[in-house]
Amino acid sequence: MQFSSSNSAVEESPADSTAQLTDSHGRLITDLRVSITDRCNYRCVYCRTGNDGAQYSELPIADYLRLVRIFAGMGIEKVRLTGGEPLLRRELAGLVQELAALRTRNGEPLDLAITTNGHLLAEQAQRLKDAGLSRVTVSMDAVDADIFARITRVPGSFDRVLRGIRAAQRAGLGPVKVNCVVLRGFNDDQIVPFAKFSRDEGVIVRFIEFMPLEEDRLWTPKTVVPFSEVAARLESFRPLVKLAPTSAGETAVRYTFDDGVGEVGIIAPVSRAFCGACSRIRLTSDGKIRTCLFSQTDHDLHGLMRRGGSDAELASFIARTVAQKEARHHIGEPGFLKPSRSMVHIGG
């Protein structure tokens, strides 16, 4: 599928004339997360209010493609499509096919992944694999069907997601990664069941500390289940064996169990912040650059594009914006301000 663009410069990449993206703290930026919709078919209780709230616009698929092409020319190697729920975009498979044809500065294919809630994955997994998708991550916060339905506010949602995970595995998108956001007194009793789920289903489970990114703004430190406690609960199930990192910017501390079956990881942005190795930049569904999940400012890349900006001008804007990337977040510190957008309006 070919997507047209409002600017013929989309056919050219600025790779040869643009330096590798680097922020002012010396970090190479190689990982781009692109939200392609603000819409979601779930209203997870720790994320959404349950009511219709702010809604940001979506760009034409061709515009995302053009912007990703420019980012790839500047050193981006990994692209993850997010939302909202990206599988709600009908043109998704065509976008994946176009992105799969792009190359990094080293001439390699992009590492192309999607984060999804999995509700529509069973129907789309094979099509996305055929289009060139590399990997899939499913957001899934319980393995008990009743708890899962209470979290998502969608009856029968657990069975849909489980079918999606298995379809992705069959399609060759595995091992599927499953992300569980852990909240004390809410779903922290699911840690050991998730360890069993990893072993039974052949998926990689990652436990993520709850961050202050929810719409209701109800986050408190007491709701966070820290790294040490998650690890202790996993150890109570079976002894953990630490695995080596797969890359310098990896956010999860990875483990298998003493018998080598299953893999789990812990992502601890609150209790063990990993900002010093951050290699990420984000593009929101309405075309704004976010240099950090906790930024107070959006940088309107698509606005420049709408005004007729050339690829070179867009690349220059990207470079200037990345140079402003924050050194770290300040969760839990005096004066901490929650970000100007909640997680669903930034992109996972």
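Quick look at the structure, then.

What counts and how
Residues numbered from 1 in each chain as written. Predicted model: local features only at pLDDT ≥ 70, side-chain atom pairs only at ≥ 80, totals over all residues. Heavy atoms only, no water. Buried < 20%, exposed > 50% of the residue type's maximum accessible area, 1.4 Å probe, protein only. Helix = DSSP H or I, 4+ residues; strand = E, 2+ residues; numbered from the N terminus. Pairing = 2+ DSSP bridges. Polar contact = N/O pair within 3.5 Å; in protein donor to acceptor, adjacent residues only side chain to side chain. Contact = heavy atoms within 4.5 Å. Arc of directions from axis to C-beta. Salt bridge = Lys/Arg side-chain N within 4 Å of Asp/Glu carboxyl O.

Next up on the list: the pairing of strand β8 (residues 253–257). With respect to burial, β8 is a largely interior element, four of its five residues being buried. Relative to β8, strand β7 (residues 240–242) runs antiparallel, the two sharing three bridges. Across the sheet, Val241 pairs through a bridge with Thr256, a residue of β8. Where β8 lies against strand β9 (residues 263–267), four bridges are found, and the strand directions are antiparallel.

Moving on to the side chain of Thr37. On the secondary structure map, Thr37 appears in the loop between β1 (31–35) and α1 (61–73). Of the residues examined, Thr37 reaches a relative accessible area of 0% and is grouped as buried. Looking at Thr37, its side chain comes within polar contact range of the main-chain nitrogen of Arg39, at 3.0 Å. Once you skip the residues sitting within four places of it in the chain, Thr37 turns out to touch Glu58, Thr82, Gly83, Gly84, Glu85, Pro86, Arg89 and Ser285.

Within the open sheet, the twelve strands sit side by side as β7-β8-β9-β6-β5-β4-β3-β2-β1-β10-β11-β12. Their pairing is mixed. The strands lining the two open edges of the sheet, one partner per strand, are β7 and β12 (299–300).

What follows covers helix α3 (residues 121–131). Residues Leu121, Gln124, Ala125, Leu128 and Ala131 constitute the buried set of α3. Angular distribution of buried residues about the axis of α3 spans 135°; they occupy a single face of the element. On its buried face, α3 sits against α2 (92–100), β3 (111–116), β4 (135–139) and α5 (157–171). Following α3 by one or two positions, Gly132 adopts a phi angle in the positive range, close to 120°.

For the rest of this paragraph, the subject is the pattern of salt bridges. Under the definition given, this model contains 19 salt bridges. We note a salt bridge from Arg160 to Glu123, for which the minimum N-O separation is 3.4 Å. Of the two residues, Arg160 is situated in helix α5 and Glu123 in helix α3; the sequence distance between them amounts to 37 residues. Residue Arg160 is classed as partly exposed on the basis of its relative accessible area of 23%. By relative accessible area, which is 47% here, Glu123 ends up partly exposed. Linking Glu201 and Arg166 is a salt bridge whose minimum nitrogen-to-oxygen distance equals 2.7 Å. Here Glu201, found in helix α6 (residues 191–201), pairs with Arg166, found in helix α5; they are 35 residues apart in sequence, far enough to count as distant. Take Glu201: its relative accessible area is 21%, and that puts it in the partly exposed class. Salt bridges linked by common partners bring Arg39, Glu58, Arg89 and Glu91 together as one network.

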